[in-house]
Amino acid sequence: MATLEIKDLHVTVEADNSTKEILKGVDLTVKQGETHAIMGPNGSGKSTLAYSIAGHPKYTITQGTVTLDGEDVLEMSVDERARAGMFLAMQYPVEVPGVSVSNFLRTSATAIRGEAPKLRTWVKEVKTAMEQLQMDPAFAERNVNEGFSGGEKKRHEILQMELLKPKIAILDETDSGLDVDALRQVSEGVNRVRETGEVGTLLITHYTRILRYIKPDFVHVFSQGRIVESGGPELADKLEAEGYEAYTKGGASA
Ligand SMILES: Nc1ncnc2c1ncn2[C@@H]1O[C@H](COP(=O)(O)OP(=O)(O)O)[C@@H](O)[C@H]1O
Ligand SMILES: [Mg+2]
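For the structure given in this document, a descriptive report is provided here.

About the thresholds
- Residues numbered from 1 in each chain as written.
- Chains lettered and ligands numbered in written order.
- Predicted model: local features only at pLDDT ≥ 70, side-chain atom pairs only at ≥ 80, totals over all residues.
- Heavy atoms only, no water.
- Buried < 20%, exposed > 50% of the residue type's maximum accessible area, 1.4 Å probe, protein only.
- Helix = DSSP H or I, 4+ residues; strand = E, 2+ residues; numbered from the N terminus.
- Pairing = 2+ DSSP bridges.
- Polar contact = N/O pair within 3.5 Å; in protein donor to acceptor, adjacent residues only side chain to side chain.
- Contact = heavy atoms within 4.5 Å.
- Axes fitted to C-alpha atoms, helices over the stretch in contact; angles between N-to-C directions.
- Parallel < 35°, antiparallel > 145°, perpendicular 65-115°, else oblique.
- Left-handed = near helix turned anticlockwise from the far one by under 90°.
- Nonpolar A, V, L, I, M, F, W, Y, C, P; charged D, E, K, R; others polar.
- Near = heavy atom within 4 Å.
- Areas by Shrake-Rupley, 256 points an atom, 1.4 Å probe, with all protein chains shown as cover.

**Some points on the pairing of strand β3 (residues 35-39)**
Counting buried positions along β3 yields five of five residues, so the element is predominantly enclosed. As defined by bridge partners, β3 adjoins strand β11 (residues 218-223) across four bridges and the pair is classed as parallel. Looking across to β11, one finds that histidine 36 is bridged to phenylalanine 218.

**Some thoughts on the side chain of serine 187**
Counting through the fold element by element, serine 187 comes out in helix α6 (residues 180-195). Exposure remark for serine 187: the relative accessible area of 1% places this residue in the buried category. At a separation of 2.6 Å, a polar atom in the side chain of serine 187 contacts the main-chain carbonyl oxygen of leucine 183. Those residues in contact with serine 187 that sit more than four places away from it in its chain are Ile210, Tyr213 and Ile214.

**Overview of the sheet that holds strand β1 (residues 3-15)**
Taking strand neighbours across the sheet as the criterion, the four strands line up as β2-β1-β4-β5 in an open arrangement whose pairing is antiparallel. The sheet terminates laterally at β2 (18-31) and β5 (71-72), the two strands that pair on one side only. Summarising the sheet, strand β4 (residues 59-68) and β5 pair through two bridges and their orientation is antiparallel. In the sheet register, threonine 67 faces β5, and the bridge partner there is aspartate 72. Across the sheet, helix α1 (residues 46-54) touches β1, β2 and β4, and the angle it forms with β1 is around 105 degrees.

**Concerning the packing of helix α4 (residues 119-132) against helix α5 (residues 150-164)**
Axis separation between α4 and α5 bottoms out at 10 Å; the angle between their running directions is 140 degrees. In terms of orientation, α4 and α5 fall into the oblique class. Both α4 and α5 take part in a crossing whose hand is right-handed. The residues of α5 that touch α4, namely those facing Trp122, Glu125, Val126, Ala129, Met130 and Gln132, are Leu159, Glu162 and Leu163. The class makeup of the residues in the contact of α4 with α5 is six nonpolar, one polar and two charged.

**Quick notes on unusual backbone geometry**
Of note, the phi angle at glutamine 134 is positive, near 55 degrees, even though the residue is not glycine. On the secondary structure map, glutamine 134 appears in the loop between α4 and β8 (143-144). Of note, glutamine 224 is a non-glycine position whose phi angle comes to about 50 degrees, a positive value. Topologically, glutamine 224 is positioned in the loop between β11 and β12 (226-231). Look at glutamine 224 and you get partly exposed, because its relative accessible area is 32%.

**Observations concerning the site of ligand 1**
Contacts to ligand 1 come from 14 residues, most closely from Gly43, Lys46, Ser47, Thr48 and Tyr59. Serine 44 has a polar backbone atom sitting 3.2 Å from an oxygen atom of ligand 1. At 3.0 Å, a backbone N or O of glycine 45 approaches an oxygen atom of ligand 1. Surface burial for ligand 1 is 71%, taken as the share of its 550 Å² of free accessible area covered by protein chains. Those elements that place two or more of their residues in the shell around ligand 1 are β1, β2 and α1. In terms of residues, the shell around ligand 1 owes the most to one element, α1, which gives three residues. Its residues assigned to classes, the shell around ligand 1 comprises five nonpolar, six polar and three charged.

Here it is, written out as structure tokens:
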């Protein structure tokens, strides 16, 4: 079983001609088959954690390690991370002009599987996955994220996750901006992948509402650049009732 291990991760970003430390020592282990929720107030550094693991050039790792089965993830190119079985869905997905969803998915699947998927089974796979997510077949011919609504972007991410079958998936605010129906469909998609037992999921969220549909095995509270408390699903109930105030007292959380 694949294991993603984050140890003492410190990350800085350049802002306004100064260097700001955003992550201040994150420790977290996610194993294939497990679902972890990272919850925390806005500005606490949750997306920075996702970007850092994804290899976004804006974020400088100043200390600590990220490994997948002992392999140094931070040394890998973005492609190598995907081939190693990591899937990262960002809070603000980028547009890929001139590349259709259908081409994008097939190219990604080819890169990750090491060979092009057989056309006939592939077309069926995509069709089934899109139907399950209540996506219009015409969607496959649109350019990636170009003019996509919030809900379409998130559905597209889950479509990728279902087809690419990662070992470790990091989903940043997959629930934000979704209406109740879209939230349920997207959650069902995550649960379908999860039920295979072959993915370790790191679900990053500000709100507790997605956790009504996806039951995490572990919940971590994130505040001011680090995990300040970890527990089981009951911790999410506590956060829903009490909010983050107990964790942000005296801090400068936006
Ligand atoms: N690229 C960036 N440039 C400047 N500041 C950033 C950048 N990315 C993150 N930050 C700052 O780091 C802090 C954490 O942001 P972020 O990781 O987006 O938090 P969250 O996802 O928990 O809301 C915020 O104060 C934010 O302004
Ligand atoms: Mg964020």
